[in-house]
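Each chain, written out:
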Protein chains: 2
Amino acid sequence: MDIAQRLEQELEQAVTRATGPECPPRLAEALHYAVFPGGARIRPRLCLAVARACGDSNFVAATAAAAAIELLHCASLVHDDLPCFDNAGIRRGKPSVHCAFGERTAVLAGDALIVLAFEQLAIRLALSPDRLAPITRIVAAAVGGPNGICAGQAWENEDKIDIVNYQRAKTGALFAACTMAGAAAAGLEPQAWQTLGYAIGEAFQVADDLRDVAGQAQDLGKPTGQDAANHCPNFVDELGFDGAMQRFEHHLAAALAAIPPCPGAEQLGLQITAVSRSLVTGLSARQAA
Amino acid sequence: MDIAQRLEQELEQAVTRATGPECPPRLAEALHYAVFPGGARIRPRLCLAVARACGDSNFVAATAAAAAIELLHCASLVHDDLPCFDNAGIRRGKPSVHCAFGERTAVLAGDALIVLAFEQLAIRLALSPDRLAPITRIVAAAVGGPNGICAGQAWENEDKIDIVNYQRAKTGALFAACTMAGAAAAGLEPQAWQTLGYAIGEAFQVADDLRDVAGQAQDLGKPTGQDAANHCPNFVDELGFDGAMQRFEHHLAAALAAIPPCPGAEQLGLQITAVSRSLVTGLSARQAA
């Protein structure tokens, strides 16, 4: 079984457990719907790629960490799409969870996915207790306060926004968790892997802005032009299309330079480059215009 | 320092960490507001009482478990009060979190409190890794799917409600986590402590119904008569005041009978009796009428 299949199987096992026979059917359906079919699974794939580069060979801890990160990402999408936030109708090419199941079920599904992420770590790492605490802390820091996704999203409620903390918390923190948890799963000191994660997060943020302006809705699984519609800042507005592409390449180069020494550093660099570039392939200034 | 002070200190440390200098100020304020000042802290006190009865003497794991349970309880109150659920304006004698800080901040505060609960366990139990996995699993099972609080709340969205699963999941599961986590923190096998927790949860559910009908708003910190207003089932409607009081005593007796053999069983029984009875002391059929 390849790594991608292991990840899907891990997610399937987790969601199946959370939606056991006693679960209210509507919540059970919403939990499956929020996780499957997935998007590109960029974050968990990054976590697994780092673990492999660090010489991890059994992948039990890395797969659990990757699944937990993906479950938390899915939870954040469900809650971000709620009417009180982005009020988004389409996600991953289908109606968002609150549109399909109602707002109450969407709130609860997001909550249950957060819980499930930590439960999955505890179940899968029960036999590697020395890995459980550090990986749980890495993952929790990426989603809670003061620097995780909740904090990032909460900057949108402030009169004065701290744009650096905002973007690092809302997007960068979970990428940093991917690289740090991948290293920790392999038994390495995770701190050295944080800079790489944040740099990938910054490249991803610019790529996301480029796709919102110059991408195709069917590739994104959601409408384009959302930043303009929601009056959100977008790097293409600020820098122009070519300037944003240069900024993307700058962050990608910074990421590659930040890969710590490890057995699979070269292969990891190639993977990060390929996945990152795939996000902006085919975009052109003509589309953006 | 007594146990109650240790618990408050543990909660204070957790919330302070989650609201560090980089946290958006509004979210930080909402997190403090949601946790302090507390209600009766019945659940964490139960967890600590069980740990003590089981012979625990250092309380590090028990205090972390108790704090995690209280943080999850606070999170559930914040989300339950949201406009799409109970739309409750008053909680613990002051405006509910969404009334004080807005709906967006309330959603994020609830999410961040869930994350914080698991982070607190990982931080405090890093040096007792053999306790971390089982306590995390106990706590997660009490709040996620298929049998935890999220599932309990989600039964309210179903056309056909499974009333037994509904009440056990919405109220009983977290009480069961209190007794089980208290035992696990003391190094005992937790399963034997589940029945006690569910029985206390059932007594608490009846007491809660009695207080809603016959209590005083200033004692509850929220308006009375909410079940009638929200068309929720209430044991007083079903059984009458005296019948509900008998049902309460029945569940309390069942709880006392379910205390597993342990060094402090007698003292624990007295504590459970005192705390449970305090909930219904002073209520009278005349008030209910």
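Before reading further, recall that the structure is shown in the block above.
Overview of the structure. (Residues numbered from 1 in each chain as written. Chains lettered and ligands numbered in written order. Predicted model: local features only at pLDDT ≥ 70, side-chain atom pairs only at ≥ 80, totals over all residues. Heavy atoms only, no water.)

## Some points on the overall build of chain A
- Looking only at helices and strands, one finds 15 helices and 2 strands in chain A.
- By the compact-globule yardstick of 19 Å for 289 residues, chain A fits well, its C-alpha radius of gyration being 18 Å.
- The dimensions of chain A, computed from C-alpha atoms along their principal axes, are 55 × 50 × 40 Å.
- Counting over 289 residues, chain A shows a buried share of 58%.
- The long-range share in chain A, meaning contacts at least 24 apart out of those at least 6 apart in sequence, stands at 66%.
- With an accessible surface of roughly 11300 Å², chain A has 52% of that area assigned to carbon and sulfur atoms. (Helix = DSSP H or I, 4+ residues; strand = E, 2+ residues; numbered from the N terminus. Rg over C-alpha atoms; globule rule 2.2 N^0.38 Å. Buried < 20%, exposed > 50% of the residue type's maximum accessible area, 1.4 Å probe, protein only. Contact = heavy atoms within 4.5 Å. Areas by Shrake-Rupley, 256 points an atom, 1.4 Å probe, with all protein chains shown as cover.)

## Thoughts on the pattern of salt bridges
- By the definition in use, this model includes 20 salt bridges over all chains.
- The salt bridge partner of Lys170(B) is Glu156(B), with a shortest N-O separation of 2.7 Å. Of this pair, Lys170(B) sits in helix α9 (residues 163–185) while Glu156(B) sits in the loop between α8 (149–154) and α9, placing them 14 residues apart in sequence.
- A relative accessible area of 24% places Lys170(B) in the partly exposed class.
- Overlapping salt bridges, with partners in common, bring together Glu8(A), Arg41(A), Glu70(A) and Arg92(A) in one network. (Salt bridge = Lys/Arg side-chain N within 4 Å of Asp/Glu carboxyl O.)

## Concerning the environment of Leu82(B)
- Positionally, Leu82(B) belongs in the loop between α4 (60–80) and β1 (90–91).
- Judged by its relative accessible area of 1%, Leu82(B) falls in the buried class.
- Spatially, the C-alpha atoms of Leu82(B) and Gly102(B) are 9.6 Å apart, while their sequence positions differ by 20 residues.
- If sequence neighbours within four positions are ignored, Leu82(B) has contacts with Val107(A), Asn87(B), His98(B), Glu103(B), Ala106(B) and Val107(B).

## Notes on helix α2 (residues 25–35) of chain A
- For α2(A), the set of buried residues is Leu27(A), Ala28(A), Ala30(A), Leu31(A), Ala34(A) and Val35(A). Projected down its long axis, α2(A) shows its buried positions confined to an angular sector of 165°, all on one face. (Arc of directions from axis to C-beta.)

## A few points about the interface of chain A and chain B
- Opposite the 49 residues of chain A that make contact, chain B presents 49 residues.
- Buried area between chain A and chain B, summed over both chains or domains, comes out near 4400 Å², and the portion from carbon and sulfur atoms is 68%.
- Where chain A touches chain B, the interface holds 2 salt bridges.
- Here Glu156(B) and Arg104(A) are joined by a salt bridge, their closest N and O atoms 3.8 Å apart.
- The interface formed by chain A and chain B holds 12 residue pairs in polar contact (both at pLDDT 80 or more) in total.
- For the side of chain A that touches chain B, the elements supplying multiple residues, two or more each, are α1 (3–18), α2, α6 (103–124), α7 (129–143) and α8 (149–155) of chain A.
- No other element matches α6(A), which puts 13 residues into the side of chain A that touches chain B.
- Residues that form the side of chain A that touches chain B fall into these classes: 28 nonpolar, 11 polar and 10 charged. (Buried area = accessible area lost by both parts, 1.4 Å probe. Polar contact = N/O pair within 3.5 Å; in protein donor to acceptor, adjacent residues only side chain to side chain. Nonpolar A, V, L, I, M, F, W, Y, C, P; charged D, E, K, R; others polar.)

## Focus on the relation of the copies chain A and chain B
- Overlaying chain A with chain B gives an RMSD of 0.0 Å, the required rotation being 180° about an axis along which the chain moves by 0.0 Å. Within this description, the copies of the chain are treated as partners about a two-fold rotation axis. No C-alpha of chain A lies nearer the rotation axis than that of Pro129(A), which sits 2.6 Å from it.
- Taken together, the interface assignments show that 100% of the residues at the interface of chain A recur at the interface of chain B, consistent with an identical surface on both copies. (Least-squares fit on C-alpha atoms with pLDDT ≥ 70 in both.)

## Side note on the environment of Leu11(B)
All names here are of chain B.
- Within the fold, Leu11 resides in helix α1 (residues 3–18).
- For Leu11 and Asp227, which are 216 residues apart along the polypeptide, the C-alpha to C-alpha distance reads 31 Å.
- With residues up to four places along the chain from it excluded, the contact list for Leu11 reads Val35, Phe36, Arg41, Ala67, Glu70 and Leu71.

## Quick word on helix α6 (residues 103–124) of chain B
- Along its 22 residues, α6(B) runs 31 Å from first to last C-alpha, staying within 8% of the 32 Å computed at 1.5 Å per residue.
- Of all the 22 residues making up α6(B), 18 are buried; the element is thus mostly covered by neighbouring parts of the structure. (Expected span 1.5 Å × (residues − 1).)

## Section: the packing of α2(A) against α6(A)
Residues and elements named next belong to chain A.
- Running from N to C, α2 and α6 point in directions that differ by 65°, and their axes come no closer than 9 Å. Judged by the angle between their axes, α2 and α6 are roughly perpendicular. The crossing of α2 and α6 is right-handed. Between α2 and α6, the residues in contact are Arg26, Leu27, Ala30, Leu31, Ala34 and Val35 and Thr105, Leu108, Ala109, Ala112 and Leu113, respectively.
- Here the contact of α2 with α6 is built from residues that sort into 9 nonpolar, 1 polar and 1 charged. (Axes fitted to C-alpha atoms, helices over the stretch in contact; angles between N-to-C directions. Parallel < 35°, antiparallel > 145°, perpendicular 65-115°, else oblique. Left-handed = near helix turned anticlockwise from the far one by under 90°.)

Geometric values such as these leave the question of function open.
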